[in-house]
Amino acid sequence: VGAASSTDLVALWSAYGMIRAGILDAAVVGGSEELLLPATFMEFSALRALAGASNSGRPQTCRPFDAHRDGMVLGEGGAIVVIERESSAKRRGAEIHAFLEGMGASNNDRGMVESVAENQQIAIGNAFLDAGWEADSVDLIECHATATIQGDVEEVKALKAVISRGTGITLSSYKSQIGHTLGASGLMS
């Protein structure tokens, strides 16, 4: 599966659907990215998505949602999880670390790297609907938050469309600490 930053989440979505449909009892799901090479940095620099690409003179740090953000810092990484039916995990005595309550997905016609608030809103809304939760019932949202001007703006627009103002929800993003791990970024969140 190749779906840019959501590659591992597309794999998770597929496994989640197969488990819910009774096709699988369990699945190993993961995501990673090729090694970061000079060409990778050149590609993201050409997109003006890297911190420091604006030649602002500021240090190259990732500052999601900051008024002076100017891009992401790339990081290498991978993530793998095992998902399975709760009954299967209990039967084999597995330690359960989390429950996947719901998922949502969407796509747009602008390519894999363009953020579009309307499509993100569909995915966020569908995830809450699938989980059976009210959008205002969560305390923390781990955001994609690339720290790009356009990406963060579109993500906040989508969140504001789904979640009421003044609910006290905290927004967070690990990318400011370890960098954007591209195809592993969804599961690392």
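See the structure printed just above.
Residues numbered from 1 in each chain as written. Predicted model: local features only at pLDDT ≥ 70, side-chain atom pairs only at ≥ 80, totals over all residues. Heavy atoms only, no water.

Things to note about the pattern of salt bridges
Reasoning step 1: Here the structure, examined in full by the defined rule, presents seven salt bridges.
Reasoning step 2: Measuring nitrogen to oxygen at the nearest pair gives 3.1 Å for the salt bridge that ties Asp25 to Arg85. Taken together, the residues Asp25 in the loop between α1 (7-20) and β1 (26-32) and Arg85 in the loop between β2 (78-84) and α3 (86-91) connect sequence positions 60 residues apart.
Reasoning step 3: A relative accessible area of 46% places Asp25 in the partly exposed class.
Reasoning step 4: With a shortest N-O distance of 2.9 Å, Lys90 and Glu86 are connected by a salt bridge. Separated by four residues within a single helix, Lys90 and Glu86 lie in helix α3, roughly one turn from each other. (Salt bridge = Lys/Arg side-chain N within 4 Å of Asp/Glu carboxyl O. Helix = DSSP H or I, 4+ residues; strand = E, 2+ residues; numbered from the N terminus. Buried < 20%, exposed > 50% of the residue type's maximum accessible area, 1.4 Å probe, protein only.)

A short note on a nonpolar patch on the surface
Reasoning step 1: Where nonpolar side chains cluster on the molecular surface, the patch consists of Val28, Ile80 and Val82 and spans about 340 Å² of accessible area.
Reasoning step 2: Of note, Val82 is situated in strand β2. (Patch = residues over 30% accessible without salt bridge, like charges linked within 9 Å, V, L, I, M, F, W, Y side chains within 5 Å. Areas by Shrake-Rupley, 256 points an atom, 1.4 Å probe, with all protein chains shown as cover.)

Comments concerning the state of the cysteines
Reasoning step 1: Scanning the model with the defined rule gives zero disulfides in all.
Reasoning step 2: There is no disulfide at Cys143, and the cysteine sulfur nearest it, in Cys62, is 12 Å away. (Disulfide = S-S within 2.5 Å.)

Function cannot be inferred from these measures alone, as they are strictly geometric.
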